[in-house]
Structures are given as structure tokens and as C-alpha cells.
Amino acid sequence: MASSMKSLVSDHSRYVESFRRFLDNSTEHQCMQQFMDEKLPGIIARIGDTKSEIKILSIGGGAGEIDLHILSKVQAQYPGVSINNEVVEPSAEQITKYKELVAKTSNLENIKFTWHKETSSEYQNRMMEKKELQKWDFIHMIQMLYYVKDIPATLNFFHSLLATSAKILIIVVSGTSSWNKLWKKYGSHLHQDELCQYVTSSDLMQMLNKMGIKYECYDLLSTMDISDCFIDGNENGDLLWDFLTETCNFSTTAPPDLKAEIMKDLQEPEFSVKKEGKVLFNNSLSFIVVEA
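Conventions used here
- Residues numbered from 1 in each chain as written.
- Predicted model: local features only at pLDDT ≥ 70, side-chain atom pairs only at ≥ 80, totals over all residues.
- Heavy atoms only, no water.
- Helix = DSSP H or I, 4+ residues; strand = E, 2+ residues; numbered from the N terminus.
- Rg over C-alpha atoms; globule rule 2.2 N^0.38 Å.
- Buried < 20%, exposed > 50% of the residue type's maximum accessible area, 1.4 Å probe, protein only.
- Contact = heavy atoms within 4.5 Å.
- Areas by Shrake-Rupley, 256 points an atom, 1.4 Å probe, with all protein chains shown as cover.
- Lys, Arg positive; Asp, Glu negative; His and termini not counted.
- Charge placed at Lys NZ, Arg CZ, Asp CG, Glu CD.
- Arc of directions from axis to C-beta.
- Polar contact = N/O pair within 3.5 Å; in protein donor to acceptor, adjacent residues only side chain to side chain.
- Right-handed = clockwise from strand over helix to strand, strands pointing away.
- Pairing = 2+ DSSP bridges.
- Salt bridge = Lys/Arg side-chain N within 4 Å of Asp/Glu carboxyl O.
- Axes fitted to C-alpha atoms, helices over the stretch in contact; angles between N-to-C directions.

(A) The overall build of the chain, seen in detail. Helix and strand content of the chain: 12 helices and 12 strands. For the chain, the C-alpha radius of gyration of 19 Å lies close to 19 Å, the compact-globule estimate for 292 residues. Along the longest, intermediate and shortest principal axes, the C-alpha atoms of the chain span 60 × 40 × 35 Å. Evaluated residue by residue, the chain yields a buried proportion of 52% over its 292 residues. Considering only intrachain contacts with a sequence separation of at least 6, the fraction spanning at least 24 residues in the chain is 82%. Accessible area for the chain stands at about 13,400 Å²; split by element, carbon and sulfur atoms hold 49% of it. Averaging the locations of the 30 positively and 40 negatively charged side chains of the chain gives two centres separated by 4 Å.

What follows is the structure in C-alpha cells.
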């Protein structure tokens with residue numbers, strides 16, 4: 001990896017902006033909302049049985065769009081029951097956006113929100129210092145396990161926090177997605193720090209199997225429109241390049257031959273489909289539901 005290339009995660013504002021562009025140019029959130037509409041009601045059907053308060057822990061809650069969608073499903077399942085929703089999120093910018101979203105959303109009267117500006121590892125360390133660990137009825141970890149150093153230890157810790165009938169919902173890229181192919185082929189050329197690791201649902205299922213933890217996995221197709229990546233100097237394309245490669249300012253700092261090779265691959269059928277003049281990258285997601 002060229003010395004001028006640095007991890008996208010090391011430049012927080014650039015990361016947040018490239019992530020927003022990714023959401024704007026992909027069906028990521030629509031795919032998640034489809035899962036919440038079709039599958040989540042059945043998954044949460046028993047988490048609040050006989051409870052006067054439902055405790056929900058959001059790890060990496062971001063700006064809150066998906067969190068509020070989840071909470072609406074819990075409210076529908078358990079009308080009028082109090083919900084304690086705690087959010088662990090390291091980005092102050094994202095927490096501000098989350099709070100703004102809550103402020104302008106109606107029907108949240110029975111939900112108490114608490115935000116912790118910290119990483120999941122910092123939360124874990126803080127909890128371990130306490131004598132008694134808080135138990136949760138539903139924990140969700142959406143697109144955040146890439147930023148954890150020890151994934152099995154993290155899974156084990158949060159699994160230990162589950163109350164009776166509780167579940168964990170993990171969302172990561174699918175082992176069948178083009179992310180998997182991209183990371184396997186180019187990961188060693190792009191990435192030299194410990195801020196982010198390449199992990200898919202296939203890796204997670206292997207870990208959970210080894211740990212003897214029960215789970216179910218659902219896959220849903222999602223795509224990302226990367227057409228702008230092939231327009232030289234296009235700002236949207238440059239930010240999508242950063243997100244694709246987890247590299248800050250990839251277009252201007254990457255060796256030209258590396259960028260040319262990835263650009264060629266991204267247009268191949270194993271990575272993307274061409275539809276109505278657009279290049280659509282396979283961003284398929286896996287939803288892993290872990291049992292207590």
C-alpha cells in the first residue's frame with residue numbers, strides 16, 4: 001500500500017460524508033426496512049412478554065433512521081409498554097443527527113432515549129467494571145462489527161447480556177456480496193491499520209458455530225449505484241470510491257494502476273450488473289438473529 005494512502009476511518013468527517021453518499025446511492029436502508037417490515041415482528045414476538053419495560057440496546061446506532069424503524073415495530077407489538085432505548089455510538093455528528101430525528105418524530109412518548117458517545121469496546125470495558133451487568137431484551141448491531149478488534153469476544157460479551165427470550169440482530173454484508181470478492185482480491189493492497197477489518201456473514205456464522213451459539217440467517221439483495229465512480233473528477237464518485245476501498249481520498253492517493261485494475265473489475269458481472277445505463281454493485285446484506 002502506498003504511504004500516501006490512509007484509512008477512511010482515520011478522517012471522521014470524510015467517513016461520515018462518504019457513508020451518507022453510500023446510503024444515498026444504495027438500497028441499503030430500503031433493504032433493512034423491508035426486513036424490519038417482513039421479518040422483525042416475528043423475531044420480537046416474545047421479547048417483551050410479561051415485562052413492564054422493554055430494554056433495547058443499539059450498538060452503532062448512527063443517525064437513528066433504522067433504530068426508529070425498529071422501535072416502531074416494538075411499539076406495535078407491545079402497545080403502551082415503556083421502552084428504554086440506549087444507544088452506543090462513537091460519532092458526535094451521528095448522535096446529533098439522531099437526537100434531531102427523535103425531536104421531530106411523533107409517537108415516541110413511551111420511549112426513553114439515552115446516548116453514550118463511545119465505541120462498543122469502550123462500552124464493554126465500562127460495563128465490565130460494574131459489579132452487575134445490565135440485561136437487555138433486544139440488542140442490535142447494524143453494520144458495525146467491521147470496527148471491532150476482537151469479534152468473537154464482542155459477540156460473546158453481548159450474548160451474555162441477553163435476558164430471557166431476548167435476541168440479538170446483527171446486520172453485515174453477505175458472504176455472497178461483491179464486498180466479499182473485493183476485499184479478498186484487494187484487501188492487502190488497501191488496508192494496513194487496525195481500525196477496520198473485512199468480515200462477512202460467512203465469517204460470523206463460522207464464529208457463532210464455533211462458540212455453540214444458536215442463530216438464524218436471512219439474506220436480502222441490495223445494490224449500490226457506482227456509475228459516478230467511472231466519471232473522472234466526479235465528487236460523488238470520489239466519495240463512493242473512498243467508501244468502497246475504506247481509503248481516504250482514494251482517487252487522488254491510490255497508485256493509478258491499482259485504481260485502473262479495480263475500476264475494470266467493478267464493471268465485471270461477478271461484481272456488478274449493468275441496468276438502464278447504471279452500474280449496480282452487489283451490496284447484499286445478511287441479517288443474523290442470535291438466540292439467548
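(B) Quick peek at helix α6 (residues 120-128). When α6 is considered as a whole, its buried residues turn out to be S120, Y123, Q124 and M127. Buried residues along α6 cover an arc of 100 degrees about the axis, so they all sit on one side.

(C) View of the side chain of T253. Examined against the element boundaries, T253 turns out to sit in helix α11 (residues 250-253). Judged by relative accessible area, T253 falls into the buried class, the value being 19%. A polar contact of 2.9 Å, which involves the side chain of T253, links it to the backbone oxygen of N249.

(D) Broad picture of the pairing of strand β3 (residues 82-88). The element β3 is extensively covered by neighbouring structure, given that six of its seven residues are classed as buried. Traced from strand β2 (residues 53-59) through helix α4 (residues 65-77) to β3, the parallel crossover comes out right-handed. As defined by bridge partners, β3 adjoins strand β4 (residues 111-116) across six bridges and the pair is classed as parallel. Looking across to β4, one finds that E86 is bridged to T114. Handedness of the crossover joining β3 and β4 through helix α5 (residues 92-103) is recorded here as right-handed.

(E) A look at the pattern of salt bridges. Enumeration according to the criterion identifies 11 salt bridges in this entry. Notably, a salt bridge pairs R21 with E17, separated by 2.7 Å at the nearest N-O pair. Taken as a pair, R21 and E17 lie in helix α1 (residues 12-24) at a separation of four residues, close to a single helical turn. In this structure R21 comes out as buried when scored by relative accessible area, which is 16%. One salt bridge connects D49 with R46, and the closest N-O pair in it is separated by 3.7 Å. Within the structure, one salt-bridge network assembled from shared partners comprises E17, R21 and E235.

(F) Quick peek at the sheet that holds strand β12 (residues 285-291). With mixed pairing, seven strands are arranged side by side in an open sheet as β4-β3-β2-β5-β6-β12-β7. The open sheet terminates on both sides in strands that have one partner only, identified here as β4 and β7 (215-220). Taken over all neighbouring pairs, the strand axes of this sheet differ in orientation by 15 degrees on average, direction set aside. Of the pairings in the sheet, the one linking β2 to strand β5 (residues 136-142) comprises four bridges and is parallel in character. Counterpart to S58 in the pairing with β5 is H140.

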